[in-house]
Amino acid sequence: MHCEDDQYPAYVPITKYDTFDFEKHRPDMIYIHNPYDGLNLVTSVHPFFYSEHLNKFTDQLIYIPYFVLGEIKPEEEERIKSMQHFCTTPGVYNADKVIVQSEDMRQVYIKVLMKESGDCSAAARKYWENKILGLGSPKYDKVACTIKEEVKIPEPWLELIRRPDKSWKKIILYNTSIAGLLRHNEKMLAKMNYVFDVFRKNQEEAVLLWRPHPLIESTLTSMRPQLWEAYKTMRNQYLAEGWGIYDDTADLDRAIAISDAYYGDGSSVVQLYQQTGKPVMIQNVEITA
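Below is a summary of the structure that appears in this document. (Residues numbered from 1 in each chain as written. Predicted model: local features only at pLDDT ≥ 70, side-chain atom pairs only at ≥ 80, totals over all residues. Heavy atoms only, no water.)

1. Focus on the environment of Ile172
No. 1: Following the sequence through the fold, Ile172 ends up in strand S5 (residues 170-176).
No. 2: Since its relative accessible area comes to 15%, Ile172 is described here as buried.
No. 3: Taking C-alpha positions, Ile172 is 20 Å from Asn236, a pair spaced 64 residues apart along the chain. (Helix = DSSP H or I, 4+ residues; strand = E, 2+ residues; numbered from the N terminus. Buried < 20%, exposed > 50% of the residue type's maximum accessible area, 1.4 Å probe, protein only.)

2. Re the pattern of salt bridges
Proximity of charged atoms lets side chains of opposite charge pair with each other.
No. 1: A complete count under the given rule lists 15 salt bridges for this structure.
No. 2: Measuring nitrogen to oxygen at the nearest pair gives 3.4 Å for the salt bridge that ties Asp5 to Lys16. With Asp5 in the segment before helix H1 (22-25) and Lys16 in the segment before H1, the pair connects residues that are 11 residues apart, well separated along the chain.
No. 3: Residue Asp5 is classed as partly exposed on the basis of its relative accessible area, which comes to 26%.
No. 4: The partner of Arg211 in a salt bridge is Asp247, with the nearest N and O atoms 3.0 Å apart. In this pair, Arg211 is assigned in strand S6 (residues 206-212) and Asp247 in the loop between strand S7 (245-246) and helix H13 (252-258), connecting sequence segments 36 residues apart.
No. 5: Residues joined by salt bridges that share partners form a network here, namely Asp197, Arg200, Lys201 and Glu241. (Salt bridge = Lys/Arg side-chain N within 4 Å of Asp/Glu carboxyl O.)

3. Quick look at the packing of aromatic side chains
No. 1: Under the defined criterion, the tally for this structure stands at 24 aromatic pairs.
No. 2: Arranged with centres 6.1 Å apart and planes meeting at 85°, the rings of Tyr174 and Phe196 form a pair that is edge-to-face. On the criterion of sequence distance, the pair formed by Tyr174 in strand S5 and Phe196 in helix H10 (residues 186-201) is long-range, its members being 22 residues apart.
No. 3: Between Trp210 and Tyr246, the aromatic rings sit 5.2 Å apart at their centres with planes inclined by 70°, giving edge-to-face as the arrangement. Here the residue Trp210 occupies a position in strand S6, and Tyr246 occupies one in strand S7, the gap between them amounting to 36 residues. Considered together, Trp210 and Tyr246 belong to a single accessibility category, that of buried residues.
No. 4: One aromatic cluster is present, built from ring pairs that chain together Tyr174, Phe196, Trp210, Trp228, Tyr231, Tyr238, Trp243, Tyr246 and Tyr263. (Phe/Tyr/Trp six-rings, centres within 6.5 Å; stacked < 30°, edge-to-face > 60°.)

4. As for the packing of helix H11 (residues 216-223) against helix H12 (residues 225-241)
No. 1: At a closest axis distance of 6 Å, the pairing of H11 and H12 adopts a crossing angle of 140°. Together, Ile216, Glu217, Leu220, Thr221 and Met223 of H11 and Pro225, Leu227, Trp228, Tyr231 and Arg235 of H12 make up the contact between the two elements.
No. 2: In terms of residue class, the contact of H11 with H12 is built from seven nonpolar, one polar and two charged. (Axes fitted to C-alpha atoms, helices over the stretch in contact; angles between N-to-C directions. Contact = heavy atoms within 4.5 Å. Nonpolar A, V, L, I, M, F, W, Y, C, P; charged D, E, K, R; others polar.)

5. What to know about the layout of surface pockets
To locate leftover empty space, one rolls a probe as large as a water molecule over the atoms.
No. 1: A volume near 170 Å³ is recorded for the second largest pocket.
No. 2: Every residue along the wall of the second largest pocket is listed here: Ile172, Tyr194, Val195, Val198, Phe199, Ala261, Tyr262, Tyr263, Pro279, Val280 and Met281.
No. 3: Listed by contribution, the elements that provide at least two residues to the lining of the second largest pocket are H10, strand S8 (261-264) and strand S9 (280-282).
No. 4: No other element matches H10, which puts four residues into the lining of the second largest pocket. (1 Å grid on protein atoms, 1.4 Å probe; cavity = no way out; pocket = protein on both sides within 12 Å on 5 of 7 lines; lining within 4 Å. Points joined across faces, edges and corners; volume = space filled by probe spheres on them.)

6. Quick look at the sheet that holds strand S2 (residues 60-63)
No. 1: Read across the sheet, four strands follow the order S1-S2-S3-S4 without closing on themselves; strand pairing throughout is parallel. Looking along the sheet, the strands with just one partner apiece sit at the ends: strand S1 (29-32) and strand S4 (132-133).
No. 2: As defined by bridge partners, S2 adjoins strand S3 (residues 97-99) across two bridges and the pair is classed as parallel. Bridge pairing in S3 links Tyr63 to Val98. (Pairing = 2+ DSSP bridges.)

7. Here we look at empty space enclosed by the protein
No. 1: Considering all chains together, one arrives at one cavity of 30 Å³ or more under this definition.
No. 2: By volume, the largest cavity is sized at about 80 Å³.
No. 3: Every residue along the wall of the largest cavity is listed here: Ile64, Pro65, Phe67, Val68, Leu69, Ile99, Val100, Gln101, Met105, Tyr109, Gly136 and Ser137.
No. 4: Grouping the amino acids of the lining of the largest cavity by side-chain chemistry returns nine nonpolar, three polar and no charged.

All quantities given are derived from atomic positions and should not be read as evidence of function.
Structure (structure tokens):
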């Protein structure tokens, strides 16, 4: 177990999880963003905070996904198949309200949940329509409100970003995902090494801001231990050479705000980055020369 309360901004007041009496205070509403309860085999919140338990201590358990997805129309059956597992997590079933990123996504959730329940009656539709709300994602709001000029940038980053004349090099956000590593294994490591080599040779013109998925270590150590050793060696070399930025902080919005373009794997970060209007390029693991 570990507690992440020290990773919140200073303006967010924190009450320690083990000092608050939920039964005594019974909050009017509880918001959650982790919907998996005990089904995630890599990481988990404490079982006390599973949705099936929290809904006993509030009148309104509200689930807002921690991720955003590419927009899907309710009639796009094949695309729905690839994401419908997000619609049927314990958090969706146990919450009183579910707030999703758009009206189209709301209709997708309703369609999937009616099909999964086997009840397509008017009463079932009304139930899901009242429960699933397409009010938008706060992640989109945060990206829109984060202004480059107001972001605090660490001094070691600035030393890499600034030229001698104080102008800035181009900053490329390089996002690597868990899915890419699990799907391509050593081939993905070869691709990443190729990317590092390209930016190492062109470090006077552009800075690579590498943000690996925060659960890569816990995922690879449990599912691909040999791949983890090779990944760790590559990561340590990147850190030791010091020509690029390594961002393992919780502040994704800062990376999006200060970068000039996105490069890397397809992920929910792409959906956020597209909101900025800046260029997005998805890496092809087959291209390594």
